[in-house]
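Below, each chain spelled out in residue letters.
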Amino acid sequence: MTGKPFIYLDHAATTATRPEVVEAMLPYFSENFGNPSSVYSFSQKNRAVLSECREKIARCLNASSNEIYFTAGGSESDNWALKAAALKYGNQGANAVSKKSGHIITTKIEHHAILHTASYLEQSGYDVTYIDVDENGIIKLDELKKAIREDTILISVMFANNEIGTIEPIKEIGEIAREHDIIFHTDAVQAFGQIPIDVNEYNIDMLSASGHKLNGPKGTGFLYIRTGVNIGSFIHGGAQERGRRAGTENVPGIVGLAKACEIAFSTMKERTEKEIILRDHLIDRILYEVPYARLNGHRTKRLPNNVNISFQFVQGESMLIMLDMAGICASSGSACTSGSIDPSHVLMAIGLPEDIAHGSLRMTLGDENTLEEMDYVVEKIKENVGRLRSMSPQFEDFIK
Ligand SMILES: *Cc1c(COP(=O)(O)O)cnc(C)c1O
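Rules used in this analysis
Residues numbered from 1 in each chain as written. Predicted model: local features only at pLDDT ≥ 70, side-chain atom pairs only at ≥ 80, totals over all residues. Heavy atoms only, no water. Domains from an automatic or database assignment. Contact = heavy atoms within 4.5 Å. Buried area = accessible area lost by both parts, 1.4 Å probe. Salt bridge = Lys/Arg side-chain N within 4 Å of Asp/Glu carboxyl O. Polar contact = N/O pair within 3.5 Å; in protein donor to acceptor, adjacent residues only side chain to side chain. Helix = DSSP H or I, 4+ residues; strand = E, 2+ residues; numbered from the N terminus. Pairing = 2+ DSSP bridges. Axes fitted to C-alpha atoms, helices over the stretch in contact; angles between N-to-C directions. Near = heavy atom within 4 Å. Nonpolar A, V, L, I, M, F, W, Y, C, P; charged D, E, K, R; others polar. Buried < 20%, exposed > 50% of the residue type's maximum accessible area, 1.4 Å probe, protein only.

Take the domain arrangement of the chain next. As assigned here, the chain comprises domain 1 (7-16 + 267-399) and domain 2 (19-266). The distance between the C-alpha centroids of domain 1 and domain 2 comes to 29 Å. If you look at the interface, domain 1 gives 29 residues, while domain 2 gives 35 residues. For the pair domain 1 and domain 2, the summed buried area comes to about 2,600 Å², and 51% of that belongs to carbon and sulfur atoms. Among the residues domain 1 hides against domain 2, the three largest losses belong to Met268, Leu303 and His345. Together they make up 24% of the total. Where domain 1 packs against domain 2, one counts zero salt bridges. For the interface between domain 1 and domain 2, the tally reads 24 residue pairs in polar contact (both at pLDDT 80 or more). At the level of secondary structure, the elements contributing two or more residues to the side of domain 1 that touches domain 2 comprise helix H10 (268-289), strand E12 (306-311) and helix H12 (345-349).

Here we come to the side chain of Thr14. Within the secondary structure, Thr14 is located in the loop between strand E1 (7-8) and helix H1 (19-25). At 3.2 Å, the side chain of Thr14 and the side chain of Lys218 are in polar contact. Discounting chain neighbours no more than four positions away, the residues touching Thr14 are Tyr8, His212 and Lys218.

Bringing the sheet that holds strand E9 (residues 206-210) into the picture now. Spatially, seven strands are ordered E2-E10-E9-E8-E7-E5-E6 in an open sheet, and the strand pairing comes out mixed. Strands at the two margins of the open sheet, each flanked by one partner only, are strand E2 (68-71) and strand E6 (127-131). The sheet shows a mean angle of 20° between the axes of neighbouring strands, direction not considered. In this structure, strand E5 (residues 103-107) lies alongside E6, joined through five bridges in parallel fashion. Across the sheet, residue His103 finds its bridge partner in E6, namely Asp127. Packing against the sheet, helix H3 (residues 41-61) makes contact with E2, E9 and strand E10 (221-225), and its axis sits at approximately 115° to E2. Contacts from helix H4 (residues 74-89) reach E2, E5, strand E7 (152-156), strand E8 (183-187), E9 and E10, with the element oriented near 160° to E9.

By nearness alone, 13 residues border the ligand, and Ser75, Asp187, Gln190, Ser210 and Lys213 come closest of all. Between Ser210 and the ligand, the recorded distance is 2.6 Å, taken from a side-chain N or O atom to an oxygen atom. Among the elements that take part in the shell around the ligand, H4 stands out by supplying three residues, more than any other. A per-class count over the shell around the ligand returns two nonpolar, eight polar and three charged.

Turning our eyes to something else, we now look at the sheet that holds strand E11 (residues 293-295). With respect to topology, four strands assemble into an open sheet ordered E11-E12-E15-E14, the strand pairing being antiparallel. Strands at the two margins of the open sheet, each flanked by one partner only, are E11 and strand E14 (331-332). The sheet contact formed by E11 and E12 spans three bridges and is antiparallel. Counterpart to Leu295 in the pairing with E12 is Ile309. On the sheet, H10 packs against E11, E12 and strand E15 (360-364) and is oriented at approximately 10° with respect to E12.

Let us now look at the pattern of salt bridges. Tallied over the full model, the rule gives 22 salt bridges. Here Asp367 makes a salt bridge to Arg18, at a shortest N to O gap of 3.4 Å. Here Asp367 is found in the loop between E15 and helix H14 (371-390), whereas its partner Arg18 is found in the loop between E1 and H1, with 349 residues between them in sequence. Since its relative accessible area comes to 31%, Asp367 is described here as partly exposed. Note that Asp205 is salt-bridged to Arg226, the shortest N-O span being 3.3 Å. Note that Asp205 is positioned in the loop between E8 and E9 and Arg226 in the loop between E10 and helix H8 (240-243), a separation of 21 residues in sequence.

Okay, here's the thing in structure tokens:
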């Protein structure tokens, strides 16, 4: 490689919108701009386009098209699912302050769109149980079963984790939920487009997905709501989305989302097989060649594109800056947002000590990545881990 390369290894954060997706969207900005709710034929065409998009997406999940509701992304879908289910299925509270109450079960490793919504609901009078995961990030099913109560209204467990890539036993959770007649929601933002999902086989009642995580446009997504799950609207106003999600439809965005889904599903097998080869090459080389490194997440029950490794005696943030200088975009396991240096809640939940959690690196692959890039990344990691350790007093003490 000559010059500074650009190696993008942060596909769990966002992805590039595919040129084919952009091309599919373009006619819906200035040409076919009609409001799908208008009566004249110019706009009616756009209404038909929305139906086609809904059908395309439903087919990816073995759902029916009237169970797909377009939203502005994964966070909105998660908020809608939890808040509206709580409101609909909660019981009348014991006093005037807690208007509604009820019990919700989720996990300690959810995305903040779920965790912060759950804590908001706790403040509003609901009880929430956060189930533990094992050292690989897999939900403890016995704990889940034990947590179920008479007043449990919802179980929400992510399909696959966005930091460590662990794939959860969704089918088993769906069976447990069904047995107890509890609604089951899954945040499938990372899994959708990467692994096959059948909402009927898995007994999923609600599912969140996002466009920009699968080479679609940002600010697009959907919530699958099984027929018979009667949650109310989250955005109130017009009658769009069968009265359940108001606001003039983002027609170009929806067209792009549907196109991205279509491509993600038609290329899934080939693409993920290739990603798994690159993923395992990266993992194996790092674990073999860098001492005091550990893989986070399950070795095989893992998203095809996720690598998350902790390097002892290294600060993840320093590593990211050094990799950036080498033209590599990665992410740290610890969610360091402007000044706050709390270690990642996911890495804490799998039992990592704080100092090791702080030395974590997440690299998430996409179909444009190559084996050559992986080898370059390994060389840069070796170089920089070595350099950072040589400056670490803890490492000096340790090797004495
Ligand atoms: C990215 C992500 C979200 C949020 O999706 P947005 O479309 O960015 O709002 C929710 N859950 C998981 C697991 C994610 O990875």
